[in-house]
Amino acid sequence: MNGKRRTGSGIVAILLAGLWGALPAGAEEVGPPEKLDLKLGFIKLTDMAPLAIAKEKHFFFDEGLFVDLEAQSNWRVLQNRVARGELDGAHMLAGQPIGASIGVGGNKSDIVTAFSMDLNGNAITVSNDVWEAMRPNVPKRDDGKPAHPISATALKPVVEETRAQGESFDMGMVYPLSTHNYEIRYWLAAGGLHPGFYEPQKGDNSGRSGADVRLSVTPPPQMPSTMEAGTIQGYCVGEPWNQQAVAKGIGVPVVTNHDIWPHNPEKVFGVTREWAEENPNTHLRLLRALIRAAHWLDENGNANREEAVGILSDSRYVGADEEVIANSMTGTFEYEPGDVREEPDFNVFFRHNANYPYYSDAIWFMTQMRRWGQIPEPKPDDWYMEKAREVYKPAIYEKAARSLVADGTLEASDFPDFDTIDGFKPVQDDFIDGRAYNGRRPNAYINSFDIGLSGDDTP
């Protein structure tokens, strides 16, 4: 099988070699790929969609690439396989390349990213029992339905009562470097609940020191069943595993990550630094295909999302029911059974400059690593800037994007103004707690929180 595939790709490579000179000007700027046969990893979540679409719509093939997509069991396995060269690249958590590169949790890998795969896409879900206990503390709209976003202040008395009875209150998140970990911590702390510190200097990477709510790692597809079994009382995860809880009648999503941090980066496409340096043209061609896939997912007001749902429901990709995937992928989100609300930006793959790898986003993740003890010692602002630039590579993204404009595939207006953008978003003040974030002043931001490390604190 592999021999036949290599032979086939070799024949096509010969045919493509005669076509490079006939390609439009922008494509000529990106030379022939150094490596044709690629294996890319992903976790079974709907935000892996750009990879599935790039394959199914032949965008990878258009770039002369033969790509196998392979589901991975968890984020640590995925990261290790990329680091060892068993995968050429992968769908990764937005904070994962940063955390891996600075060695958070002792699992150090030299990974870079030049492409943000999507914005938003997560939610926090609680069990039915917890929701019934929270419900009296949640403000209501005029129609009697809960007013969103729901603050963790509504959860606080439930947690306090549980702890007063001598029991722990446990919630799940998918990985210590995940957006989910930092989002659920942010939400809990904004509501006055301490999510616990990591204490790496003491050999404790559980993240539970001093916690009011104990967080544990659970693989995304196992979240609903783990909550149903009573092991956890709630979780933060991507889709379709929040909507799965609603469909099964076992839980209620209470807040989306778009409500916690609007238009936050959720996943990125990661490769090792060595791979990127050895395969610059292959890297650019991968990015060209992924950009086209992201654009297809969002174009014409999400007109292609129904087709995307059908693709993602395949067992090779996400493997959940189409109805469950469609609940969030098509611009709506169901909280309680029948409480379906318009959420057009729940999943964003291209608009709002979704694919640009902003330094300020990388720095935000590091501020939360510092806040919760994963970075145990204070660092100067320049350190955060340096690390962001080492890992996030907007210049590579820009080259791929400009080539798509030059060959007429996309329009310049589809992208940010590359002549003026500097890698930093404007100050953001639309977080759920109203706190302003300036990526150029990370320590001032860290020190502004009442809960978490600040200044010279160590966990």
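Quick caveat, the model's predicted, so the values are computed rather than measured.

The next subject is the domain arrangement of the protein chain. Segmenting the protein chain into domains produces domain 1 (37–119 + 264–357 + 393–425) and domain 2 (122–260). Once you take the C-alpha centre of each, domain 1 and domain 2 turn out to be 26 Å apart. In this assembly, 37 residues from domain 1 lie in contact with 33 residues from domain 2. Together, the buried faces of domain 1 and domain 2 total about 2800 Å²; carbon and sulfur atoms form 58% of this surface. For domain 1, the biggest contributors to the area lost against domain 2 are Tyr335, Glu336 and Arg341; these three give 22% of the whole. Inspection of the domain 1/domain 2 interface yields one salt bridge.

Turning our attention to the sheet that holds strand 6 (residues 122–127). In space, the five strands of this open sheet follow the order 10-7-11-6-12, with mixed pairing throughout. Taken across any chain shown, the strands that pair with only one partner, and hence form the sheet edges, are strand 10 (214–217) and strand 12 (251–256). On average, each strand axis in the sheet is inclined to that of its neighbour by 25°, with strand direction left out of account. Where helix 11 (residues 241–248) meets the sheet, its contacts fall on strand 6, strand 11 (234–238) and strand 12, and the angle it forms with strand 11 comes to roughly 125°.

Attention shifts here to the layout of surface pockets. Of the pockets and cavities examined, the largest pocket occupies roughly 310 Å³. In terms of lining, the largest pocket is formed by 19 residues, of which the most central are Gly103, Val104, Gly105, Gly106 and Gln374. Residue composition of the lining of the largest pocket, by class: ten nonpolar, seven polar and two charged. Residues lining the lining of the largest pocket come from more than one domain, with at least three contributed by each of domain 1 (37–119 + 264–357 + 393–425) and domain 2 (122–260). In this structure, the second largest pocket spans a volume of roughly 200 Å³. Every residue lining the second largest pocket is counted, 13 residues in all, and those nearest its centre are Val82, Ala83, Thr272, Glu274 and Trp275.

This part is about the packing of helix 9 (residues 179–190) against helix 17 (residues 359–371). With their axes 11 Å apart at the nearest point, helix 9 and helix 17 run at an angle of 65° to one another. Of the two elements, helix 9 crosses helix 17, and the hand of that crossing is left-handed. Residues Thr179, Tyr182, Tyr186 and Ala189 of helix 9 form the contact with helix 17, whose own contacting residues are Trp364, Phe365, Gln368, Met369 and Arg371. Taken together, the residues of the contact of helix 9 with helix 17 sort by class into six nonpolar, two polar and one charged.

This part is about the environment of glycine 192. Tracing the chain through its elements places glycine 192 in the loop between helix 9 and strand 8 (197–199). Beyond its immediate chain neighbours, meaning those up to four positions away, glycine 192 contacts Lys156, Asp212 and Ile451.

Turning to helix 8 (residues 156–164), its buried residues number three or more, namely Val158, Val159 and Thr162. Projected down its long axis, helix 8 carries its buried residues within an arc of 95°, all on one side. Residues of helix 8 that are exposed and point over 90 degrees away from its buried face: Glu161 and Ala164. Glycine 166 sits one or two positions beyond helix 8 and adopts a positive phi of about 80°.

For the structure on display, the rule yields two cavities of 30 Å³ or more. For the largest cavity, the calculated volume is near 40 Å³. Along its surface, the largest cavity is lined by Trp131, Arg135, Val138, Pro139, Lys140, Gly144, Lys145 and Pro146. By residue class, the composition of the lining of the largest cavity is four nonpolar, one polar and three charged. What the second largest cavity holds in volume is close to 30 Å³.

Before going further, it helps to examine the pattern of salt bridges. Applying the stated rule across the entire model yields 32 salt bridges. Across the salt bridge formed by aspartate 143 and arginine 141, the nearest N and O atoms sit 2.7 Å from each other. Looking at aspartate 143, the relative accessible area reads 48%, which means it is partly exposed. Relative accessible area serves as the criterion here: at 34%, arginine 141 is assigned to the partly exposed category. Linked by salt bridges that have partners in common, Lys39, Glu70, Arg81, Arg84 and Glu86 make up one network.

So, about the pairing of strand 11. Summarising burial for strand 11: five of the five residues are buried, a large majority. Because side chains alternate across strand 11, one face comprises the buried residues Gly234, Cys236 and Gly238, and the other comprises Tyr235 and Val237, equally buried. Pairing of strand 6 with strand 11, which is carried by five bridges, proceeds in the antiparallel orientation. Within strand 11, the residue paired with threonine 125 across the bridge is tyrosine 235. Pairing analysis gives two bridges linking strand 7 (residues 170–173) to strand 11, with the strands arranged parallel. Along strand 11, the bridge assignment pairs methionine 171 with glycine 234.

Ranked by internal contacts, the top residues of the largest apolar core, which has 81 residues, are Met134, Leu155 and Met171. No other element matches helix 17, which puts seven residues into this core. Split by domain, the residues of this core number at least three in each of domain 1 (37–119 + 264–357 + 393–425) and domain 2 (122–260). Among the nonpolar cores identified, the runner-up in size contains 54 residues, and Met48, Leu65, Phe115 and Ala400 belong to it.

What follows covers the sheet that holds strand 4 (residues 111–116). Spatial ordering of the open sheet is given by 2-1-3-13-4, a layout of five strands whose pairing is mixed. For this open sheet the edge positions go to strand 2 (66–71) and strand 4, each flanked by a neighbour on one side alone. Across the sheet, the mean angle from the axis of one strand to that of its neighbour is 30°, orientation sign disregarded. With two bridges connecting them, strand 1 (residues 37–42) and strand 3 (residues 89–93) associate as parallel partners. Paired with leucine 40 across the strands is glycine 89, a residue of strand 3. Across the sheet, helix 5 (residues 75–83) touches strand 1, strand 2, strand 3, strand 4 and strand 13 (267–272), and the angle it forms with strand 3 is around 140°.

What counts, and where the lines are drawn
- Residues numbered from 1 in each chain as written.
- Predicted model: local features only at pLDDT ≥ 70, side-chain atom pairs only at ≥ 80, totals over all residues.
- Heavy atoms only, no water.
- Domains from an automatic or database assignment.
- Contact = heavy atoms within 4.5 Å.
- Buried area = accessible area lost by both parts, 1.4 Å probe.
- Salt bridge = Lys/Arg side-chain N within 4 Å of Asp/Glu carboxyl O.
- Pairing = 2+ DSSP bridges.
- Helix = DSSP H or I, 4+ residues; strand = E, 2+ residues; numbered from the N terminus.
- Axes fitted to C-alpha atoms, helices over the stretch in contact; angles between N-to-C directions.
- 1 Å grid on protein atoms, 1.4 Å probe; cavity = no way out; pocket = protein on both sides within 12 Å on 5 of 7 lines; lining within 4 Å.
- Points joined across faces, edges and corners; volume = space filled by probe spheres on them.
- Nonpolar A, V, L, I, M, F, W, Y, C, P; charged D, E, K, R; others polar.
- Left-handed = near helix turned anticlockwise from the far one by under 90°.
- Buried < 20%, exposed > 50% of the residue type's maximum accessible area, 1.4 Å probe, protein only.
- Arc of directions from axis to C-beta.
- Core = buried A, V, L, I, M, F, W, Y, C linked by side-chain atoms within 4.5 Å.

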